[in-house]
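Coordinate analysis (summary)
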Amino acid sequence: MFAPHSFSAFRPARSPFRCLAACFRAPICAAWLAALTMLLARPSAAQEDRRPNVVLIFADDLGYGDIGVYGHPTIRTPHLDRMAAEGMKFTQFYVGASVCTPSRAALLTGRLPIRSGMASDGRRVLFPDSRLGLPAREITIAEALKDAGYATGMVGKWHLGHLEPFLPTNHGFDSYYGIPYSNDMDRVAGGEWQEIFWEPKSEYWNVPLLRDTEVIERPVNQETITRRYAEEAVAFIRDHAEEPFFLYLAHTMPHTPLFRSAAFAGHSKAGLYGDVIEEIDWSVGQVMQTLEEEGIAERTLVFFTSDNGPWLIFRTHGGSAGLLRDGKGTTYEGGMRVPALAWRPGAVPPGAVNSALVTAMDVFPTVLGMAGVPVPDDRVIDGMDIGNILRGSDEDAHDMILYYRGERIFAARVGPWKAHFITQRAYIGDDPVPRDPPILHHLEHDPSERFDVSADHPEALEEIAARVAEHRAGLDPWPTQLDARIEE
Ligand code: MG
């Protein structure tokens, strides 16, 4: 053991060099050198900050059945599969809405979109002529973590308001690189939409690429966008490896029109859609590899999920919800239940498959909890801290899931029972159909929502109706922000 009195207490006048020289001659030198090494190797203040980093990866319109570990037979996703093998896979993970804008608002605020004005029965998402965006009064994950000293960066699709007051750098992100809305907006090409989407070219859409608040490329070259997002993400991680950081990487793909870089052309057996997913998978691998090279994988939570289910009207360009019914835009399971993977070596138990009811809104309080940041108490947060679940507890987070379509509740799930009060397909022009009695499914027995058992279980319908009424009674919606146009 180190014995300081051997040198410093009894020979205070010696110079460090003479001391060191003497050390090599002294029998106690090994202990002294060990102490010196420890002193020099003592972590800096930044290294001592053990608050975990968070990388939140969000795919766009990726369905429940679109990656290998969720059962796709021909799309190869070795990096996402590795996340599952070394981390946790959720089988009943729900988003806050089945289309882009409200789903993203729910993810970043931990709140149902109806509470932030990001839900509408008129326009379901924001468009390039939209005048508003996520209200300043909302607190995003980035804002909460930035206030606590985190470096915050966003790469990718925002879709919470493209005018300057609503951009990521005005919602808690230090930096932004990405496309502010969907990649099929700002269409400038004429002709049949099927041809345009089936053989897309970047110049068919006048989509901008932003650096912070400045347009740096328009139309953006969409073929290279997934690769460039990965490069930006890697650079952000390397730049901030010595401090706690939050990176939100929101892919523009696989939202149609589909693009992939030359390196992934013909990469997949599953055609163009498969190429796109396999490039996203590659980018996930880039993130994991960078965290490992920087030596920070064990103090970084990587969470991967999607904003909503597959866009089925685009057929083979639209992905798959696997065994779940329907897709994007609907309140069927395929619209709102998506893949979700958590990876943090040494913290999230490897190979865990979790069927707890969890939601994208849980990310907000969970991440804040990990960072030691209090969850705001001046507003309703619909998410719950699932830190215990990520550590391996099999407790349930929620016992109720609400399926909003715009400002209305179309369905609700309590435990295994899901009641559909209104049904409507997406994007094919049919009208909403009120259901009285509601359609009832037992989702654990019937995940594909095939068999209506409402006649046999009136008690389940009564309980769900009571829970929904209770929710509605306490609801204080914020006026919708989605319908206002710039021309108005
Ligand atoms: Mg989407």
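Description of the structure in this document. (Residues numbered from 1 in each chain as written. Predicted model: local features only at pLDDT ≥ 70, side-chain atom pairs only at ≥ 80, totals over all residues. Heavy atoms only, no water.)

**So, the overall build of the chain**
- Counting its secondary structure elements, the chain contains 14 helices and 16 strands.
- The buried share among the 488 residues of the chain stands at 57%.
- Long-range contacts, defined here as pairs at least 24 residues apart, represent 69% of the contacts in the chain between residues at least 6 apart.
- A total of about 20,000 Å² of accessible surface is found on the chain, and carbon and sulfur atoms cover 53% of it. (Helix = DSSP H or I, 4+ residues; strand = E, 2+ residues; numbered from the N terminus. Buried < 20%, exposed > 50% of the residue type's maximum accessible area, 1.4 Å probe, protein only. Contact = heavy atoms within 4.5 Å. Areas by Shrake-Rupley, 256 points an atom, 1.4 Å probe, with all protein chains shown as cover.)

**Brief notes about helix 9 (residues 225-239)**
- The first and last C-alpha atoms of helix 9 sit 21 Å apart over 15 residues, in line with the 21 Å expected at 1.5 Å per residue.
- Every buried residue of helix 9 is accounted for by I225, T226, R228, Y229, A230, A233, V234, F236 and I237.
- In the core, the buried residues of helix 9 are packed alongside strand 4 (151-156), strand 5 (175-178), strand 6 (209-211), strand 7 (214-217), strand 8 (245-250) and helix 10 (271-293). (Expected span 1.5 Å × (residues − 1).)

**As for the side chain of D281**
- Topologically, D281 is positioned in helix 10.
- For the buried D281, which has no salt bridge, the nearest side chain bearing the opposite charge is R76, at an N-O separation of 8.7 Å.
- Setting aside residues no more than four positions away along its own chain, D281 makes contact with R76, T77, P78, H79 and L80. (Lys, Arg positive; Asp, Glu negative; His and termini not counted. Salt bridge = Lys/Arg side-chain N within 4 Å of Asp/Glu carboxyl O.)

**Considerations on the coordination of the magnesium ion**
- Taken together, D60 (OD), D61 (OD), C100 (SG), D307 (OD), D307 (OD) and N308 (OD1) make up the full set of protein donors to the magnesium ion, lying 2.1 to 2.7 Å away.
- Seen from the magnesium ion, its 6 donor atoms lie at angles of 53 to 155°, and the figure they make is irregular.
- Along the chain, the residues donating to the magnesium ion are arranged with the sequence spacing D-D-x38-C-x206-D-N. Note that D60 is positioned in the loop between strand 1 (53-59) and helix 4 (78-86) and D307 in the loop between strand 9 (300-306) and helix 11 (333-336), a separation of 247 residues in sequence. Across the pair, exposure class does not vary: D60 and D307 are buried alike. (Donors = N, O, S within 2.8 Å, 3.2 Å for Na, K, Ca; no water. Tetrahedral: all angles 85-135°; square planar, octahedral: opposite > 155°, others 65-115°.)

**Details of the sheet that holds strand 13 (residues 400-405)**
- Spatially, 13-14-15-16 is the arrangement adopted by the 4 strands of the open sheet, whose pairing is antiparallel. Each end of this open sheet is capped by a strand with a single partner; those strands are strand 13 and strand 16 (433-442). The sheet shows a mean angle of 20° between the axes of neighbouring strands, taken without regard to direction.
- Pairing of strand 14 (residues 408-414) with strand 15 (residues 417-423) involves 4 bridges; the strand directions are antiparallel. Opposite V414, over in strand 15, you have W417 as the bridge partner. (Pairing = 2+ DSSP bridges. Axes fitted to C-alpha atoms, helices over the stretch in contact; angles between N-to-C directions.)

**So, the packing of aromatic side chains**
- Following the criterion strictly, the structure yields 16 aromatic pairs and no others.
- Where F236 meets F245, the ring centres are 5.8 Å apart and the plane angle is 85°; that geometry is what we call edge-to-face. Note on accessibility: F236 and F245 belong to one class, buried.
- Ring geometry for W311 and F314: centres 4.8 Å apart, planes at 70°, overall edge-to-face. Each member of the pair, W311 together with F314, is buried. (Phe/Tyr/Trp six-rings, centres within 6.5 Å; stacked < 30°, edge-to-face > 60°.)

**Considering the sheet that holds strand 7**
- Ordered by their spatial adjacency, 10 strands build an open sheet running 7-6-5-4-8-1-9-10-2-11, and the pairing between neighbours is mixed. The open sheet terminates on both sides in strands that have one partner only, identified here as strand 7 and strand 11 (352-354). Strand-to-strand twist in this sheet, taken as the mean axis angle between neighbours without regard to direction, amounts to 20°.
- Sheet topology places strand 4 next to strand 5; 3 bridges connect them, and they run parallel. Residue pairing across strands places M154 opposite Y176, the latter belonging to strand 5.
- Against the sheet, helix 4 contacts strand 2 (88-90), strand 9, strand 10 (340-343) and strand 11, and its axis sits at roughly 65° relative to strand 10.

**Digging into the pairing of strand 4**
- In terms of burial, strand 4 is a largely internal element, 6 of the 6 residues being buried.
- As paired strands, strand 4 and strand 8 are joined by 6 bridges and run parallel to one another. Residue G156 lies in a different strand from strand 8, and its bridge partner there is A250.

**Examining the packing of helix 9 against helix 10**
- Running from N to C, helix 9 and helix 10 cross one another at 15°; their axes reach a closest spacing of 10 Å. Judged by the inter-axis angle, helix 9 sits roughly parallel to helix 10. Here helix 9 runs over helix 10; the crossing is right-handed. Across the interface between the two elements, T226, R227, A230, A233, V234, I237 and R238 from helix 9 touch E279, I280, W282, S283, Q286, V287, T290, L291 and E293 from helix 10. (Parallel < 35°, antiparallel > 145°, perpendicular 65-115°, else oblique. Left-handed = near helix turned anticlockwise from the far one by under 90°.)

**Here's the deal with the packing of helix 4 against helix 10**
- The N-to-C vectors of helix 4 and helix 10 enclose an angle of 55°; their axes lie 7 Å apart at closest approach. Looking at the two axes, helix 4 sits oblique to helix 10. Along the contact surface, helix 4 presents P78, H79, L80, R82 and M83, while helix 10 presents D281, W282, V284, G285, M288 and E292.
- Of the residues belonging to the contact of helix 4 with helix 10, the class tally is 6 nonpolar, 2 polar and 3 charged. (Nonpolar A, V, L, I, M, F, W, Y, C, P; charged D, E, K, R; others polar.)

**Concerning a negative patch on the surface**
- Negative charge collects at one region of the surface, where D394, E395, D396 and E444 lie side by side.
- Given the relative accessible area of 38%, E395 is considered partly exposed. (Patch = residues over 30% accessible without salt bridge, like charges linked within 9 Å, V, L, I, M, F, W, Y side chains within 5 Å. Charge placed at Lys NZ, Arg CZ, Asp CG, Glu CD.)

**Notes on the pattern of salt bridges**
- Evaluation of the coordinates by the stated rule reveals 27 salt bridges.
- In this structure, R137 engages E138 in a salt bridge whose closest nitrogen and oxygen atoms are separated by 3.3 Å.
- The class of E138 is buried, set by a relative accessible area of 0%.
- The shortest N-O distance in the salt bridge between R238 and E294 comes to 2.9 Å. With R238 in helix 9 and E294 in the loop between helix 10 and strand 9, the pair connects residues that are 56 residues apart, well separated along the chain.

**Let's talk about the nonpolar core**
- Counting residues in hydrophobic clusters, the biggest one holds 57 residues, and the most contacted among them are F90, I141, L145, F246 and Y248.
- A per-element tally of this core places helix 12 (residues 363-371) first, with 5 residues.
- With residues near it in sequence (within four places) discarded, I141 still touches L56, L107, L108, F246, V363, F364 and V367.
- Residues V55, I67, Y177 and A189 belong to the second largest nonpolar core, which totals 52 residues. (Core = buried A, V, L, I, M, F, W, Y, C linked by side-chain atoms within 4.5 Å.)

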